[in-house]
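Summary of the model geometry
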Amino acid sequence: MRVLSFFSLIAAALVSASTASLAQTPKLEKTSLSLAVGGRTLVAYLPLTIADRLDFFKKEGLDVEISDFAGGATALQALVGGSADVVCGAYEHTIFMQAKGVKIKAIALQNDSFGLVVGVQKKLAASYRGPKDLKDLKIGVTAPGSASAVGLSLLLAKGGLTLNDVSVIGVGGGARAVTAINSGQLDAMANFDPVISMLQRDGTMVAVMDTRIQKDLDELYSGPYAASAFYMSDSFIKANPHATQAFVNAISMALAWIAKASTDQIVDAVPTEYYGGDRVLYRTVIEKNRGRFSKDGRISMAAAKNVLRIISQSDPAVKNAKIDLAQTFDNSFLEKAQAAH
């Protein structure tokens, strides 16, 4: 009897512990989230792919439906229009929208640089001396209004030009962008990896500004920069704090995994269509960009201020608005996620 009583007590303790654990796990307000991203294959959005492919979302009790759009501006429209709960895109969109009276917040940073590269057709490279030589060219970006277009405007400004001095054409961040240069439809391109590395492999484009390199990153942005992030509307966060926390938990795990993983492990984790079956190329892409991924996902006020300074130069609405940067990002979910690990 004493033996039975002993095991009965152990069993009761286990049940009690299990019940307590369940009680401590908050019920998610939503288990299905819709996510919009502008160019899922972009290396800047790798944490999203890792969280999805390694089932970090599922481990947090979430089913995340990912919709891929041509560019970040279109993904933003999905959020504003109510067809997406969260966006994987540029942090700067939180500032643009606050200037329009729309409240959205970044809840996790993916990297401190998109790895933007501006390049020209090989035949134009020999005559290129500076940004002023981009005048009147047909230049591809992921989408008008997206981070690639903002970066292009910064480079043009260094030559005394604006986006009105060139023809800006949205071509996305995948195969269409590669074809547009290789077929001669465009004179130049402002885009990201893996598109850029594919064009360099093909020998059809020569980089004139490469922010994968620290020198060019500093020259273009002049300081720390909050680049790719995940953001939600204020109203969604307030109505779904537990679901938001679960989402950020998954992203925190993805960032931690990327920081520790080998290049080959990262390549193994992504679909082969991300790099057209060219594994060697994608290894190079990862090596060139992995130093830019955030270690903890937090957005610093210094980086936020730099983003505001930069986009104010080209957007009168932002320049003339009273922007409260503290309301454009929220690190509290990441802090809770990291405290739990």
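Residues numbered from 1 in each chain as written. Predicted model: local features only at pLDDT ≥ 70, side-chain atom pairs only at ≥ 80, totals over all residues. Heavy atoms only, no water.

1. Considering the sheet that holds strand β9 (residues 205-210)
Pairing is mixed in the open sheet, where five strands are placed in the order β7-β6-β8-β5-β9. A single partner strand is all that each edge strand has here, and the edge strands are β7 (167-170) and β9. On average, adjacent strands in this sheet sit at an angle of 25 degrees to one another, irrespective of strand direction. Sheet analysis places strand β5 (residues 117-121) next to strand β8 (residues 188-191), joined by four bridges and oriented antiparallel. Bridging across to β8, V118 finds its partner in A190. Each of β5, β6 (138-141), β7, β8 and β9 is contacted by helix α7 (residues 147-157), which is oriented at about 140 degrees to β6, the strand it contacts most. Seen against the sheet, helix α9 (residues 195-202) touches β5, β8 and β9 and runs at an angle of roughly 135 degrees to β9. (Pairing = 2+ DSSP bridges. Helix = DSSP H or I, 4+ residues; strand = E, 2+ residues; numbered from the N terminus. Axes fitted to C-alpha atoms, helices over the stretch in contact; angles between N-to-C directions. Contact = heavy atoms within 4.5 Å.)

2. Let's talk about unusual backbone geometry
Backbone geometry follows two general trends: most residues other than glycine have a negative phi, and most peptide bonds adopt the trans configuration. With an omega of 10 degrees, the peptide bond between D193 and P194 qualifies as cis. For P194, the position within the fold is in the loop between β8 and α9. The backbone phi angle of D55 is positive, close to 65 degrees, even though this residue is not glycine. For D55, the location among the structural elements is in the loop between α2 (46-53) and α3 (56-59).

3. With respect to α2
Since one α-helical turn is 3.6 residues long, residues separated by three or four positions face the same way. With six of eight residues buried, α2 lies mostly within the body of the structure. Among the residues of α2, L46, P47, L48, T49, I50 and A51 are the ones counted as buried. Once α2 ends, the next one or two residues include D55, with phi positive near 65 degrees. (Buried < 20%, exposed > 50% of the residue type's maximum accessible area, 1.4 Å probe, protein only.)

4. Observations regarding the packing of aromatic side chains
For the structure shown, the criterion picks out seven aromatic pairs. Aromatic pair Y91 and F329: ring centres 6.5 Å apart, planes at 70 degrees, arrangement edge-to-face. On the criterion of sequence distance, the pair formed by Y91 in the loop between β3 (86-90) and α5 (92-99) and F329 in the loop between α16 (316-319) and α17 (332-340) is long-range, its members being 238 residues apart. Neither residue differs from the other here; Y91 and F329 are each classed as buried. Every member of this aromatic cluster is reached through a ring pair, and the members are Y45, F114 and F192. (Phe/Tyr/Trp six-rings, centres within 6.5 Å; stacked < 30°, edge-to-face > 60°.)

5. A closer look at the side chain of S228
Within the secondary structure layout, S228 lies in strand β10 (residues 228-233). At 3.4 Å, the side chain of S228 and the backbone oxygen of A44 are in polar contact. Reaching out from S228, the side chain makes a polar contact with the side chain of Q110 at a distance of 2.5 Å. Beyond its immediate chain neighbours, meaning those up to four positions away, S228 contacts A44, Y45, G89, L109, Q110, N111 and F114. (Polar contact = N/O pair within 3.5 Å; in protein donor to acceptor, adjacent residues only side chain to side chain.)

6. Digging into the confidence of the model for the protein
For any part of a model where pLDDT is low, the fine detail of the predicted coordinates should not be relied upon. Looking at the protein, the pLDDT average stands at 91 and 93% of residues meet or exceed 70. Per-residue pLDDT stays below 50 along residues 1-23; that stretch engages in zero contacts with residues further than four places along the chain or on separate chains. (pLDDT = per-residue confidence, 0-100.)

7. Quick notes on the sheet that holds β3
Taken together, the five strands give an open sheet; going across it, the order is β2-β1-β3-β10-β4, and neighbouring strands pair in mixed fashion. Both outer strands of the open sheet, β2 (63-69) and β4 (104-109), are each paired with one neighbouring strand and no more. Neighbour to neighbour, the strand axes of the sheet diverge by 30 degrees on average, direction disregarded. Pairing geometry for strand β1 (residues 32-38) and β3, over three bridges, is parallel. When the bridges of β3 are listed, V37 appears paired with C88.

8. Describing the pairing of β3
With five of its five residues buried, β3 lies for the most part within the structure. Sheet topology places β3 next to β10; four bridges connect them, and they run antiparallel. Looking across to β10, one finds that G89 is bridged to A229.

9. What to know about the side chain of D193
Inspection of the secondary structure assignment puts D193 in the loop between β8 and α9. A distance of 2.7 Å separates polar atoms of two side chains, one belonging to D193 and the other to S197. Apart from the residues within four sequence positions on either side, D193 is in contact with T41, L42, V43, R212, V285 and N289.

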